[in-house]
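Results of the structural survey
The residues making up each chain are set out below.
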Amino acid sequence: MQSDLKRLLTLQEADRLVMSIEAEIQTFEPEVAELDAGVKRLEDELTRVQRNLEEANKRRTELESNIETYRVTQEQRRQKLEWVRGAKEASALMAEIDLARSVLAKEEADWIRSSDEVQAIEAAVAEVEQRVAAEEEAQSPRREEIAQAQSECDGRLEEASARRAEAAQEINRTKRQLLTMYDKIRGGRAPLAMYELHADACGHCYTSVPMHLREQIRRGETLATCEACGVLMFAAE
Ligand SMILES: [Zn+2]
């Protein structure tokens with residue numbers, strides 16, 4: 001009985017170590033999430049200005065193609081004017097050319113505005129790109145520290161898990177059902193499977209334990225579970 005208890009306590013120690021390293025690993029998560037969110041905010045902003053740039057470029061290209069079409073048509077009118085005979089037809093054509101000239105002038109003014117807009121957005125894109133790079137650079141020392149700490153934890157976790165497996169194997173070899181019971185209790189609500197008696201009560205839920213059972217536990221005669229919460233109770237030597 002005493003050696004069973006000893007083996008179980010060794011297993012529980014191994015489990016505690018594994019749990020504490022796992023908890024340590026989890027403490028990095030919020031900080032990493034915050035760092036990621038910082039980069040993502042800027043990347044989202046970058047995507048937004050890049051999309052604006054695409055649209056502005058598209059508008060400018062459309063204006064360019066319109067202007068080109070107007071120019072060609074206007075040139076055709078001018079050529080036509082060369083050989084038009086009738087004065088009436090010529091003056092109608094002249095009026096058309098004048099009108100088209102003012103339309104073209106307006107389109108060209110729009111193109112200049114559009115071109116300025118493209119330049120302004122290009123500058124905004126460059127500025128946000130710079131901010132993304134600056135943020136990544138600013139984060140990089142801390143990220144390296146975290147990565148190093150994580151890999152150090154991973155190493156310790158691997159070692160602790162191996163030790164846990166060893167301790168479990170030690171019990172499994174002699175008393176398979178004891179390991180099954182331990183694992184089943186651990187799978188329940190209590191964080192650990194075994195709790196030391198606390199005065200006359202269970203050390204986990206503080207439900208009192210009958211005196212005769214307490215005495216048996218103290219003498220190491222039995223591995224008793226708490227009636228209320230189901231954990232294994234033991235007495236310190
Ligand atoms: Zn209990």
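Residues numbered from 1 in each chain as written. Predicted model: local features only at pLDDT ≥ 70, side-chain atom pairs only at ≥ 80, totals over all residues. Heavy atoms only, no water.

1. Notes on the overall build of the protein chain
For the protein chain, the count of helices and strands is four helices and three strands. Traced from its N-terminal end to its C-terminal end, the protein chain shows the element sequence α-α-α-β-α-β-β. A compact globule built from 237 residues would reach a C-alpha radius of gyration of about 18 Å, whereas the protein chain, at 40 Å, exceeds it by more than 25%. Structurally, the protein chain occupies a C-alpha span of about 130 × 35 × 35 Å along its principal axes. Among the 237 residues that make up the protein chain, the fraction classed as buried is 30%. Counted over contacts in the protein chain with a minimum sequence separation of 6, partners at least 24 positions apart contribute 71%. Entry remark: accessible area of the protein chain is about 15600 Å², with carbon and sulfur atoms responsible for 51%. Computed over 34 positive and 48 negative side-chain charges, the separation of the two mean positions in the protein chain equals 5 Å. (Helix = DSSP H or I, 4+ residues; strand = E, 2+ residues; numbered from the N terminus. Rg over C-alpha atoms; globule rule 2.2 N^0.38 Å. Buried < 20%, exposed > 50% of the residue type's maximum accessible area, 1.4 Å probe, protein only. Contact = heavy atoms within 4.5 Å. Areas by Shrake-Rupley, 256 points an atom, 1.4 Å probe, with all protein chains shown as cover. Lys, Arg positive; Asp, Glu negative; His and termini not counted. Charge placed at Lys NZ, Arg CZ, Asp CG, Glu CD.)

2. Notes on unusual backbone geometry
Positioned with a positive phi, Ala199 is a non-glycine residue whose angle comes to about 55°. Backbone geometry places Tyr206, a non-glycine residue, at a positive phi of 65°. You can see Tyr206 is positioned in the loop between β1 (194-196) and α4 (211-218).

3. Details of the side chain of Gln12
Position of Gln12 relative to the elements: it lies in helix α1 (residues 2-83). A residue is classified by how much of its surface remains accessible, and Gln12, at 3% relative accessible area, is buried. Not counting the four nearest positions on each side in its chain, Gln12 is found in contact with Tyr182, Leu192, Ala193 and Met194.

4. A few points about the environment of Asp116
Its place among the elements puts Asp116 in helix α2 (residues 87-174). Taking the C-alpha atoms as reference, Asp116 lies 20 Å from Thr47; in sequence the two are 69 residues apart.

5. Examining the coordination of the zinc ion
The zinc ion binds to the protein through Cys202 (SG), Cys205 (SG), Cys226 (SG) and Cys229 (SG); the donor distances cover 2.3 Å. For the zinc ion, the four donor atoms in the first shell make angles of 101 to 112° at the metal, a pattern classed as tetrahedral. Judged by its relative accessible area of 5%, Cys226 is buried. Taking relative accessible area as the criterion, Cys229 reaches 28% and is therefore assigned partly exposed. (Donors = N, O, S within 2.8 Å, 3.2 Å for Na, K, Ca; no water. Tetrahedral: all angles 85-135°; square planar, octahedral: opposite > 155°, others 65-115°.)

6. What about the sheet that holds strand β3 (residues 232-234)?
Strand order across the open sheet formed by three strands is β1-β3-β2, with mixed pairing between neighbours. Unpaired on one side and paired on the other, β1 and β2 (224-225) mark the two borders of the sheet. The sheet contact formed by β2 and β3 spans two bridges and is antiparallel. Each residue of the ladder has a partner; that of Thr225, found in β3, is Leu232. Across the sheet, α1 touches β1 and β3, and the angle it forms with β1 is around 105°. (Pairing = 2+ DSSP bridges. Axes fitted to C-alpha atoms, helices over the stretch in contact; angles between N-to-C directions.)

7. What to know about the packing of α2 against helix α3 (residues 176-186)
Between α2 and α3, whose axes approach to 5 Å, the crossing angle comes to 135°. Taken together, the axis directions place α2 and α3 in an arrangement best described as oblique. Facing α2, whose interface residues are Arg164, Ala168, Ile171, Asn172 and Thr174, α3 presents Arg176, Leu178, Leu179, Tyr182, Asp183 and Arg186. (Parallel < 35°, antiparallel > 145°, perpendicular 65-115°, else oblique.)

8. Considerations on the pattern of salt bridges
Opposite charge on two side chains permits pairing when their charged atoms draw close. For the structure on display, the rule yields 26 salt bridges. With a shortest N-O distance of 3.9 Å, Glu170 and Arg7 are connected by a salt bridge. Here Arg7 lies in helix α1 and Glu170 lies in helix α2, a separation of 163 residues in the sequence. By relative accessible area, Arg7 is classed as partly exposed at 26%. Residues Arg142 and Glu145 are paired through a salt bridge, measuring 2.6 Å at the closest nitrogen-oxygen approach. With a gap of three residues between them, Arg142 and Glu145 both fall in helix α2, about one helical turn apart. Residue class for Glu145 comes out partly exposed when judged on its relative accessible area of 46%. Where salt bridges share partners, they join Asp4, Arg7, Glu170, Arg173 and Lys175 into one cluster. (Salt bridge = Lys/Arg side-chain N within 4 Å of Asp/Glu carboxyl O.)

9. Let's talk about the packing of α1 against α3
Here α1 crosses α3 at 35°, and the two axes come no closer than 12 Å. Crossing hand, α1 versus α3: right-handed. Along its contact with α1, which presents Asp4, Leu8, Leu11, Gln12, Asp15 and Met19, the element α3 presents Leu178, Leu179, Tyr182 and Arg186. Considering only residue class, the contact of α1 with α3 consists of six nonpolar, one polar and three charged. (Left-handed = near helix turned anticlockwise from the far one by under 90°. Nonpolar A, V, L, I, M, F, W, Y, C, P; charged D, E, K, R; others polar.)

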